[in-house]
Amino acid sequence: MSEPVLQAINLHRTYGNTEVLKGVDLTVGKGEVKALLGPSGSGKSTILRLLALLEPADDGEILLNGKQLGVSVMSDGTTRPLRESHLARQRRDIGMVFQRFNLFAHLDVAHNVTLALTEVAGMSKADARQQAEAMLERVGMAHRLKHYPSELSGGQQQRVAIARALVMNPSVMLFDEPTSALDPELVGEVLDVMEQLADEGMTMVVVTHETRFARRVANEVSLFDSGRIVESGPPETFFDDPSHARTRQFLSHLH
Ligand code: ADP
Ligand code: MG
């Protein structure tokens with residue numbers, strides 16, 4: 001594997017009495033695409049929220065480009081949770097795209113993409129506008145700069161959401177079922193943009209039920225079940241010759 005960009009080590013997360021993540025290890029190398037499959041409720045969204053620093057792990061470590069996230073390391077080697085302002089800075093390096101497009105409904109397309117650049121990264125409006133337009137061009141949405149989210153199809157909204165995450169120039173992009181809320185005829189345009197990103201060398205973690213996409217684009221596919229990774233492997237092995245009965249059972253229920 002190429003040098004690791006994102007690493008999760010023994011991540012645990014419990015809500016109330018329910019242990020949702022039971023010790024998850026995951027490594028994504030530079031320019032690699034990892035696809036996570038698994039049944040509903042198995043913890044896929046939870047692991048992505050932890051990796052995006054949207055909520056803390058109860059135990060375990062997350063490293064981005066070799067640096068442990070979410071904590072400051074004291075001189076005696078112990079760690080403390082990071083202050084919110086520092087967390088916010090670390091979050092900028094991790095792009096996240098959700099199942100629901102999560103665009104700001106009251107802002108037009110261009111403004112959705114420039115907002116974090118001007119407000120978080122402190123960029124001038126003119127520079128932000130230029131970067132936003134370039135990024136919207138990449139996802140095929142440069143012709144809709146002044147449209148509002150409600151005037152766009154779901155596929156178009158999701159492509160704007162991808163541009164909004166990309167414009168911060170993150171080290172890694174996390175996708176949480178980015179096409180599952182879309183009408184079937186709009187799925188392809190979003191997967192095409194994601195495949196193009198992968199071809200350009202973006203490091204990605206993709207939670208998806210799109211097995212054809214995973215087979216074609218992912219370097220490694222993992223099955224998540226009950227808060228654990230059950231099996232990981234290259235797509236050919238994972239789909240055509242899985243080791244675990246649970247993987248065979250899961251795959252037999254798809255299509
Ligand atoms: P998946 O994305 O694989 O469908 P999730 O990560 O969304 O699974 O959820 C895993 C389990 O954790 C589910 O049982 C869900 O109800 C529970 N869960 C997720 N988030 C919370 C939360 N904030 N509070 C309580 N339970 C949660
Ligand atoms: Mg989910």
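The model shown is predicted, which means the values in this text are computed figures rather than measured ones.

> How would you summarise the sheet that holds strand S12 (residues 228–233) if you had to cite specific residues and measurements?
One open sheet accounts for 6 strands, arranged S8-S9-S10-S3-S11-S12; its pairing is mixed. Strands at the two margins of the open sheet, each flanked by one partner only, are strand S8 (94–97) and S12. Between one strand and the next, the sheet's axes are offset by a mean angle of 20°, whatever the strand orientation. Pairing between strand S3 (residues 33–37) and strand S11 (residues 220–225): 4 bridges, direction parallel. Across the sheet, the residue bridging to Leu 36 is Ser 222, located in S11.

> Break down helix H4 (residues 125–138) for me, citing the residues and quoting the values.
Given 3.6 residues per turn, any residue in an α-helix points the same way as the ones three and four places further on. With 14 residues, H4 should reach 20 Å at 1.5 Å per residue; the first-to-last C-alpha distance of 20 Å fits that figure. Buried residues in H4 make contact with helix H3 (109–119) and helix H5 (154–166). Count one or two residues on from H4 and you reach Gly 140, which has phi positive near 70°.

> For the packing of H3 against H5, give the residues involved together with the corresponding values.
Viewed as axis vectors pointing N to C, H3 and H5 meet at an angle of 25°, and their least axial separation amounts to 8 Å. With respect to H5, the element H3 is oriented roughly parallel. When the axes of H3 and H5 are compared, the crossing they make is right-handed. For the pair H3 and H5, the contacting residues are Val 109, Asn 112 and Val 113 in the first and Val 160, Ala 163 and Arg 164 in the second. In terms of residue class, the contact of H3 with H5 is built from 4 nonpolar, 1 polar and 1 charged.

> Kindly report on the site of ligand 1, identifying the contributing residues and their values.
Around ligand 1, the surrounding shell consists of Tyr 15, Val 20, Pro 39, Ser 40, Gly 41, Ser 42, Gly 43, Lys 44, Ser 45, Thr 46 and Arg 49. Ser 45 is positioned with one of its side-chain polar atoms (N or O) 2.9 Å from an oxygen atom of ligand 1. The side chain of Thr 46 places a nitrogen or oxygen atom 2.5 Å from an oxygen atom of ligand 1. Relative to its free-state accessible area of 560 Å², ligand 1 is covered by the protein chains to the extent of 58%. The element that contributes the greatest number of residues to the shell around ligand 1 is helix H1 (residues 44–51), accounting for 4 residues. Residue composition of the shell around ligand 1, by class: 3 nonpolar, 6 polar and 2 charged.

Conventions we followed
Residues numbered from 1 in each chain as written. Chains lettered and ligands numbered in written order. Predicted model: local features only at pLDDT ≥ 70, side-chain atom pairs only at ≥ 80, totals over all residues. Heavy atoms only, no water. Pairing = 2+ DSSP bridges. Helix = DSSP H or I, 4+ residues; strand = E, 2+ residues; numbered from the N terminus. Axes fitted to C-alpha atoms, helices over the stretch in contact; angles between N-to-C directions. Expected span 1.5 Å × (residues − 1). Contact = heavy atoms within 4.5 Å. Parallel < 35°, antiparallel > 145°, perpendicular 65-115°, else oblique. Left-handed = near helix turned anticlockwise from the far one by under 90°. Nonpolar A, V, L, I, M, F, W, Y, C, P; charged D, E, K, R; others polar. Near = heavy atom within 4 Å. Polar contact = N/O pair within 3.5 Å; in protein donor to acceptor, adjacent residues only side chain to side chain. Areas by Shrake-Rupley, 256 points an atom, 1.4 Å probe, with all protein chains shown as cover.

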